[in-house]
Every structure is written in C-alpha cells, then in structure tokens.
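Now for the letters of each chain:
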Amino acid sequence: MELKDQIEEMARTFTALRSDVDAVKSRDVVDEAKFSKMADSVTASLAELQEKQAKIEAALLRQDAPKEAKDAGRKELDSYLRDGLVPDGVKASKAEGIEIRSMSTSVNSEGGFLVRPVLANFMVTREFETSPMRRLANVITSASPQMDVIIDDNEAGGRWVAEGPSGGETTTPAIGQKTIVAHKYEADPRITTEMLEDGYFDVEGWLMAKVSDKVARAENTAFVTGTGVGTPRGFATYAAWASAGVYERDKIEQINSTSAANVAIAGMIATQNAMKEIYQPGASWAMKRTTFGEVLKLKSTDNYHFLNLTVAPGNQNVDMRILQKPVTFFDDMAAVGASALSVAYADWRRAYTIMDRVGLQILRDPYTNKGFVTFYTYKRTGGDVTSFDAIKIMKCSS
C-alpha cells in the first residue's frame, strides 16, 4: 500500500473512532450492556489505529533516511551474505546473542529428512563371461554316480602273405576305458526372514538366478581347466603327444603357432589341417574373446584377411568364422602369451562328454537357523575328454 493510501485510511478510521467515542459519552441514552459493547468497539478501533500509525512512521523513516545510512545498510547486508559478518565484524556464528539457522540437504536435522531419494526402476547387473561347453559337447544324464566309457582307439594287425600257409597270429586290437565321475558343486546362501518379507522386489527369485548362474559358470570353467580331482577334467589340462601326428591315449596333440607369444596364420592353418577329415564337418574353433581380437589383425603378405565375418540373413547376429569354421568364445581359455594354450579346434560332440547325475537342486530350509532361510543349492556333474583324436590345441610359441 502507498503512503498516501495509508494516511487516507488512517483518517477514515479516526473519523469512525470519533463517532464511537461521542456515542460512548452519551451513555445516558443507552443501557449498560450496549455501553459495554460500544466500549469494546472503541478499544479495537484504537488498537487498529495505532498499528496503522506505526506503519506510516516506518514508511516516513525509510523515505527520509539519508543516503549514507542506506549505503551503510546495504554494505552490512552484503557483508553478512558474503562472509557471515555482523556489523561489528565478527562471524555471525560466533557473535554473542546471534543464532544462525539454515536448511541443508546434507544434514538430516536441518532439512535432509525432507529430501527423499528416488529408487530407479531397473537394476544394474554385472555380466560374467563363460565357456559354453554344454552347447557344444555331448551331454548325457546318468542314473549312477559314475559312468564307464569304452575307448576303442586301437586297430587290428594284418599283413600281405604269399600263397600257402598262414603267416601266424596278428595283433588283436586293445580297448581302453574312461571313467567319468559326477562331482558335487554347492552353494549355501542365507537370507533373513525380514528381508524376504519386506524386500520391495522378489529377493528369493533374484538370489536363485544368481546362484544358478554361478553354478553354470563354475562347471564351464572345470570343463576347460578342471584338474579331475574333485572336479570335472578340463581338456586344456592334458599333456601333448610326443610326436606330431602320432596318436596317444590320454594326451592331446598340440600345434605350434609359429609366432612368438601370439597367434599366426600358419599356426591356425596347421591346427585345422591336423584334424582328420572324418571330424572336420562338425569341428569349430574355441578361444578367448581377446584372442579373437588378435586373429582379426592377421593378414597375409597380399593383405588378404583369412577370416570371415558375415551377417546371417533376417537377423543381426554376426556369423564369425575362421577358415570357414565357426568361432565360439571360451573365456576360460588362456590369453595369448608365451607357451599359452590359446586356441582349440575340435569336433566337440565327439571330443568331450558331460555327464549329469543330478540337475540343479535347491533345498529351502527356514528351520535350521532361526530367523534365516537357507537356500542350499547343489549340482552333481562330471566331464572329460572321450576322443583324443577329435581335438587339437594350438600352443603359442615361447
């Protein structure tokens, strides 16, 4: 409200007050009750008049204040806002008789409780790479904890003879046996009953998915690098044939890469050609993803890249091939380096057998540990090389 309007309003109020006072003075024409009511009205009007008068005086004071006083006030306000100083130059937080209150999201008692975080409607999950042996190998289910596989890897003896009597007994082929044992892998996670009841999403389902993924990756690793003691036997743990092209049971032929601590075109070609023709139709490459990156760099002297990357019609999946054979990433294989077994080439269904005795079992136990629910999870599986002629491994040169 402008100063002029305030003065006019005060005048109107004063006129009305005078009328009320005159009425009070003539109390002889009114009774006692009416007089009390009029007196209360006059008192209220006086209080309102005093308030308006105070506002007018404050407005006049602001208008009449000298420029120096206004400048000093602005300076003090600026000093307080910038440095927290009161007029005497002391920090406001330390000045006697001054209490500073402010709101902050970083301190709960100063307003932080009023700012609530928003929970995202998605979960960020770390992905783990693995070696998908189950997709390539021969997988069977057994009713027994172990399975014996007959290995027929020998041949009968024979000879050319002249007309007449027999030249005598020839060599009878020997047979061997491979035993695959089911080994047990377990997980024993526990969740409080309160977490299962109060979790905002399906905690139990999430945990079971995590455990199942861990079991699958653990067995895939064992199929590649397992020692066979308490675990499946991995194909990368077998010793090499003593001589190139000379078959030995319980050993795998290793081909030199011809490149120091790396892959090479000559080594890849030699590895593929070491495989007998009978196994070639079902053969494919296995290597670490980073090893495939090194293969991508390979080219001959005329810059001809010997691998193929094609997109299958109708979808966006890249068909990765080396020397016209598919490539599968095995994260558990060794990276390229001196003497590393970095690349495998095999007819996997003939070369490796996986035996499942019992699939993934989950026992939900809310009784043994009161207040907790235990999800005891286990699986019994085994695996081993069953054809030592159907797999070749390229070894990086030292």
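Look above for the structure.
Along each chain, the written sequence defines residue order, and numbers are assigned to residues from 1. Where totals are concerned, whole chains, interfaces and linings use all residues; where local detail is concerned, this predicted model gives features only for residues with pLDDT of at least 70, and gives and counts side-chain atom pairs only at 80 or more. Each side-chain value is derived from all of the structure's non-hydrogen atoms; neither hydrogens nor water enter the calculation.

The next thing to look at is the layout of surface pockets. The distinction between a cavity and a pocket rests on a 1 Å grid over the protein atoms alone: a 1.4 Å probe fits inside a cavity but cannot get out, while a pocket stays open yet meets protein on both sides within 12 Å along at least five of seven lines, and a residue with an atom within 4 Å of a point counts as lining. Grid points are joined across faces, edges and corners, and a volume is the space filled by probe spheres set on the points. There is about 290 Å³ of room inside the largest pocket. If you go around the largest pocket, you meet 17 residues; those closest to its centre are Asp-153, Tyr-247, Tyr-279, Ser-387 and Asp-389. By the convention adopted, Pro, Cys, Tyr, Trp, Phe, Met, Ile, Leu, Val and Ala count as nonpolar, Lys, Arg, Asp and Glu as charged, and the other residues, Gly among them, as polar. Among the residues forming the lining of the largest pocket, the class breakdown is seven nonpolar, three polar and seven charged. In terms of lining, the second largest pocket is formed by His-183, Lys-184, Tyr-185, Val-215, Ala-218, Glu-219, Ala-222, Gly-230, Thr-231, Pro-232, Lys-379 and Thr-381. Secondary structure is summarised from DSSP: a helix means a run of H or I of at least four residues, a strand means a run of E of at least two, and numbering begins at the N terminus for each. For the lining of the second largest pocket, the secondary structure elements donating two or more residues are strand S4 (183-187), helix H6 (203-225) and strand S13 (372-385). Tallying contributions element by element places H6 first for the lining of the second largest pocket, with four residues.

Each α-helix turn comprises 3.6 residues. Residues three or four places apart therefore point the same way. The classification of residues rests on relative accessible area computed with a 1.4 Å probe and restricted to protein chains. Under 20% of the type maximum is buried, over 50% is exposed, and intermediate values are partly exposed. Residues of helix H7 (residues 265-273) that are buried: Gly-267, Met-268, Thr-271 and Gln-272. Looking down the long axis of H7, one finds its buried residues gathered within 130° of arc, a one-sided arrangement. What the arc describes is the spread of directions from the helix axis to the C-beta atoms.

On to the nonpolar core. Remark: nonpolar core denotes a set of buried residues (Ala, Val, Leu, Ile, Met, Phe, Trp, Tyr, Cys) joined through side-chain atoms within 4.5 Å. Core analysis: the biggest nonpolar cluster contains 40 residues, and Met-133, Phe-235, Met-268, Met-287, Ile-322 and Trp-348 have the highest contact counts within it. Counting only elements with at least two residues in this core, the list comes to helix H4 (133-136), H6, strand S7 (284-287), helix H8 (289-296), strand S11 (341-346), helix H9 (348-351), strand S12 (352-365) and strand S14 (391-397). The element contributing the most residues to this core is S11, with five residues. In what follows, residue pairs with any heavy atoms lying within 4.5 Å of each other are defined as contacts. If we ignore the near neighbours within four places in the chain, the residues touching Met-287 are Met-268, Phe-292, Val-295, Ile-322, Val-327, Thr-328, Phe-329, Phe-330, Met-333, Ser-342 and Val-343. Grouped together as the second largest cluster of nonpolar side chains are nine residues, Ile-191, Leu-207, Met-208 and Val-373 included.

End to end, H6 covers 33 Å across 23 residues, agreeing with the expected 33 Å (1.5 Å per residue, within 8%). For H6, the complete set of buried residues consists of Val-203, Leu-207, Met-208, Val-211, Val-215, Arg-217, Glu-219, Asn-220, Ala-222, Phe-223 and Val-224. Its buried side turned inward, H6 meets H4, S4, strand S5 (190-192), helix H5 (193-198), S12 and S13. One less than the residue count of a helix, multiplied by 1.5 Å, gives the span that helix is expected to have.

This part is about a nonpolar patch on the surface. Each patch is built from residues that are more than 30% exposed by relative accessible area and take part in no salt bridge. Like charges join if they lie within 9 Å; nonpolar side chains (Val, Leu, Ile, Met, Phe, Trp, Tyr) join within 5 Å. To be clear on the numbers: accessible area is Shrake-Rupley with a 1.4 Å probe, and residue cover counts the displayed protein chains and nothing else. A carboxyl oxygen of Asp or Glu within 4 Å of a side-chain nitrogen of Lys or Arg is what we treat as a salt bridge. Side chains of Leu-119, Met-123, Tyr-200, Phe-201 and Trp-206 sit close together on the surface and give an oily, nonpolar patch of about 550 Å² of accessible area. Considering the arrangement of structural elements, one finds Tyr-200 in the loop between H5 and H6.

We now examine the packing of aromatic side chains. Aromatic ring pairs are described here by two measures, namely the spacing of the ring centres and the angle between the planes. Any Phe, Tyr or Trp ring, taking Trp's six-membered ring, that has another such ring centre within 6.5 Å forms a pair; planes under 30 degrees apart are called stacked, those over 60 apart edge-to-face, and the others tilted. The tally for this structure, following the rule as stated, stands at 11 aromatic pairs. Pairing Tyr-200 with Phe-201 gives two aromatic rings, centres 5.1 Å apart and planes at 65°, and the pair type is edge-to-face. On the basis of relative accessible area, Tyr-200 is assigned to the exposed category, the value being 59%. Whether a charge lies above a ring is judged from NZ of Lys or CZ of Arg, which has to be within 6 Å of the ring centre and within 35 degrees of the ring normal. One residue, Arg-217, lies across the ring of Phe-128, its end atom 4.2 Å from the ring centre. Here Arg-233 stacks its cationic end above the ring of Tyr-238, 3.8 Å away from the centre of that ring.

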